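Fold and geometry: a report
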Amino acid sequence: MMIGVVGSGTMGGAIAHQTAISGFKVILRDVEQRFLDNALARMQKLMDRQIAKGKLTEEQKAEITERITFTTKLEDMKDCGVVIEAIIEDLEAKKAVFHSLDEILRPEAIIASNTSSMSITDIASATNRPDRVAGMHFFNPPQVMKLVEVVRGYETSDETVKELKKLSIDFNKEPIEVKKDTPGFIVNRIMIPQFIEAIRLVEEGVASPEDIDKAVTLGLNYPMGPFTLQDYAGVDIGLHVMDYFYEEFKDSRFAAPLTLRNLVRAGRVGKKSGAGWYDYNK
Ligand SMILES: NC(=O)c1ccc[n+]([C@@H]2O[C@H](COP(=O)([O-])OP(=O)(O)OC[C@H]3O[C@@H](n4cnc5c(N)ncnc54)[C@H](O)[C@@H]3O)[C@@H](O)[C@H]2O)c1
């Protein structure tokens, strides 16, 4: 089966790479050739590192690369059995892609979204096949992280969930089923309140970010504490998700702490900007 991936950024490029590593042919689409070139360069860099460590051969690298077709034309996806969308986190942009894919693809093809937070039901409403639309939420980096959340929209069929769970296993991942379309699915629904609580502890003067990170890594055995993780993933992204949860649930549990909002207003959005909860330029 041919797989399509729309969007060749951090996630889409890596999902296409994982798809090819798993032995599938994949078509990767972005709006401009330079984004596709960047995605290919990232894949090659990763594979060169694996070759240097003796974990991959030059022949395997060539075979994996050959399985990937790069395109700027969505119509090239017409023979795909499954298309995974991983474009920017913008509802209207996603709906536009789903609407076009619905017109291009065979009626039985599945269209899945890698959205971290948007409603699958809302995205599916842009198509005439809401039963063949679902969430397929990978974690960063997808070549390493084992989990895939397969998310049901309101109309997603049992067969669609079954096929996406099987595909996740073919990708050497561990799928779980999210039975209802709810903001943040499982992982972010648990992670975001932990971020909020950690920030409140700092606001109350109970402990420093450093000590809270140490407490969580050593006491809960998490690989990263909440402040290190926010800086790594983007402090602004965490705030965006909190605001979205607050908007959807209308529950003060999800109200973003002011300290966090001010950090983002100051442009301290994490490692990518050189500073977030911690400074990285020192
Ligand atoms: N980065 C993460 O840690 C992470 C983890 C899980 C899920 N997600 C989700 O994955 C999606 C992509 O995130 P990302 O971090 O890879 O973003 P990104 O900004 O790195 O990449 C987005 C890519 O989509 C392209 N694009 C935009 N509109 C397009 C269109 N109409 N057709 C084709 N390509 C288009 C852009 O040119 C860009 O290359 C988002 O929905 C995000 O919420 C991100």
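This is a predicted model, so every value here is computed, not measured. (Residues numbered from 1 in each chain as written. Predicted model: local features only at pLDDT ≥ 70, side-chain atom pairs only at ≥ 80, totals over all residues. Heavy atoms only, no water.)

Summing up its helical and strand segments, the protein has eleven helices and eight strands in all. Against the 2.2 N^0.38 benchmark of 19 Å for 282 residues, the protein shows a C-alpha radius of gyration of 20 Å, consistent with a compact globule. On the principal axes, the C-alpha backbone points of the protein span a range of 60 × 45 × 30 Å. Looking at the 282 residues of the protein, the share that counts as buried comes to 45%. Accessible surface, the protein as shown: approximately 14,300 Å² in total, 53% of it carbon and sulfur. Here the protein contributes 36 positive and 42 negative side-chain charges, whose respective centroids are spaced 3 Å apart. (Helix = DSSP H or I, 4+ residues; strand = E, 2+ residues; numbered from the N terminus. Rg over C-alpha atoms; globule rule 2.2 N^0.38 Å. Buried < 20%, exposed > 50% of the residue type's maximum accessible area, 1.4 Å probe, protein only. Areas by Shrake-Rupley, 256 points an atom, 1.4 Å probe, with all protein chains shown as cover. Lys, Arg positive; Asp, Glu negative; His and termini not counted. Charge placed at Lys NZ, Arg CZ, Asp CG, Glu CD.)

This paragraph deals with the site of the ligand. Close to the ligand lie 21 residues; Met11, Arg29, Asp30, Glu89 and Lys94 are nearest. Between the ligand and Lys94, the relevant distance is 2.8 Å, taken from an oxygen atom to a side-chain nitrogen or oxygen of the residue. At 2.8 Å from an oxygen atom of the ligand is found a side-chain nitrogen or oxygen belonging to Ser116. Taken together, the elements giving at least two residues each to the shell around the ligand come down to helix 1 (10-21), helix 4 (91-104) and strand 6 (133-138). (Near = heavy atom within 4 Å. Polar contact = N/O pair within 3.5 Å; in protein donor to acceptor, adjacent residues only side chain to side chain.)

All right, on to the side chain of Thr156 then. Among the structural elements, Thr156 can be located in the loop between strand 7 (147-152) and helix 6 (158-170). Polar side-chain contacts of Thr156 include one of 2.7 Å to the backbone nitrogen of Gly153. With sequence-adjacent residues up to four places away left out, Thr156 is seen in contact with Pro130, Asp131, Val133, Ala134, Val151 and Val161. (Contact = heavy atoms within 4.5 Å.)

This part covers the layout of surface pockets. Roughly 310 Å³ of volume is contained in the second largest pocket. Lining of the second largest pocket is provided by 17 residues; of these, Ala14, Arg42, Leu46, Pro141 and Gln143 occupy positions nearest its centre. For the lining of the second largest pocket, the secondary structure elements donating two or more residues are helix 1 and helix 2 (33-52). Considering each element in turn, the lining of the second largest pocket owes the most residues, seven residues, to helix 2. Grouping the amino acids of the lining of the second largest pocket by side-chain chemistry returns seven nonpolar, seven polar and three charged. (1 Å grid on protein atoms, 1.4 Å probe; cavity = no way out; pocket = protein on both sides within 12 Å on 5 of 7 lines; lining within 4 Å. Points joined across faces, edges and corners; volume = space filled by probe spheres on them. Nonpolar A, V, L, I, M, F, W, Y, C, P; charged D, E, K, R; others polar.)

On to the nonpolar core, then. In this structure, Leu28, Ile84, Met136, Phe138, Leu164 and Leu167 are the most contacted members of the largest nonpolar core, which totals 30 residues. With near-sequence residues (within four places) excluded, Leu164 lies in contact with Val82, Ile110, Ala112, Ala134, Gly135, Met136 and Val150. By size, the runner-up hydrophobic cluster in this structure holds 21 residues, among which are Leu101, Ala109, Ala124 and Val151. (Core = buried A, V, L, I, M, F, W, Y, C linked by side-chain atoms within 4.5 Å.)

Turning to the pattern of salt bridges, a few remarks are in order. A complete count under the given rule lists 19 salt bridges for this structure. Salt-bridge contacts for Glu163 lead to Arg132; the nearest nitrogen and oxygen are separated by 3.3 Å. One end of the pair, Glu163, is in helix 6; the other, Arg132, is in the loop between helix 5 (120-124) and strand 6, and 31 residues separate them in sequence. Using a relative accessible area of 12% as the deciding quantity, one classes Arg132 as buried. With its nearest N and O atoms 2.8 Å apart, the salt bridge here joins Asp243 to Arg261. (Salt bridge = Lys/Arg side-chain N within 4 Å of Asp/Glu carboxyl O.)

Moving on: the UniProt feature "domain: 3-hydroxyacyl-CoA dehydrogenase C-terminal" (unreviewed entry) in the protein. Here the UniProt feature "domain: 3-hydroxyacyl-CoA dehydrogenase C-terminal" (unreviewed entry) sits at residues 184-280. For the annotated span residues 184-280, helix accounts for 61% and strand for 0% of the residues, and the straight-line distance between the end C-alpha atoms is 29 Å. (UniProt positions renumbered as here; feature names shortened; annotations may be inferred.)

A few words on the sheet that holds strand 2 (residues 25-29). Strand order in the open sheet formed by eight strands is 3-2-1-4-5-6-7-8, and the pairing between neighbours is mixed. The strands lining the two open edges of the sheet, one partner per strand, are strand 3 (68-71) and strand 8 (174-178). Each strand axis lies, on average, 25° off the axis of its neighbour in the sheet, ignoring direction. Inspection of the sheet shows strand 2 paired to strand 3 by four bridges, in the parallel sense. Bridged to Leu28 within strand 3 is Phe70. Seen against the sheet, helix 2 touches strand 2 and strand 3 and runs at an angle of roughly 155° to strand 3. (Pairing = 2+ DSSP bridges. Axes fitted to C-alpha atoms, helices over the stretch in contact; angles between N-to-C directions.)

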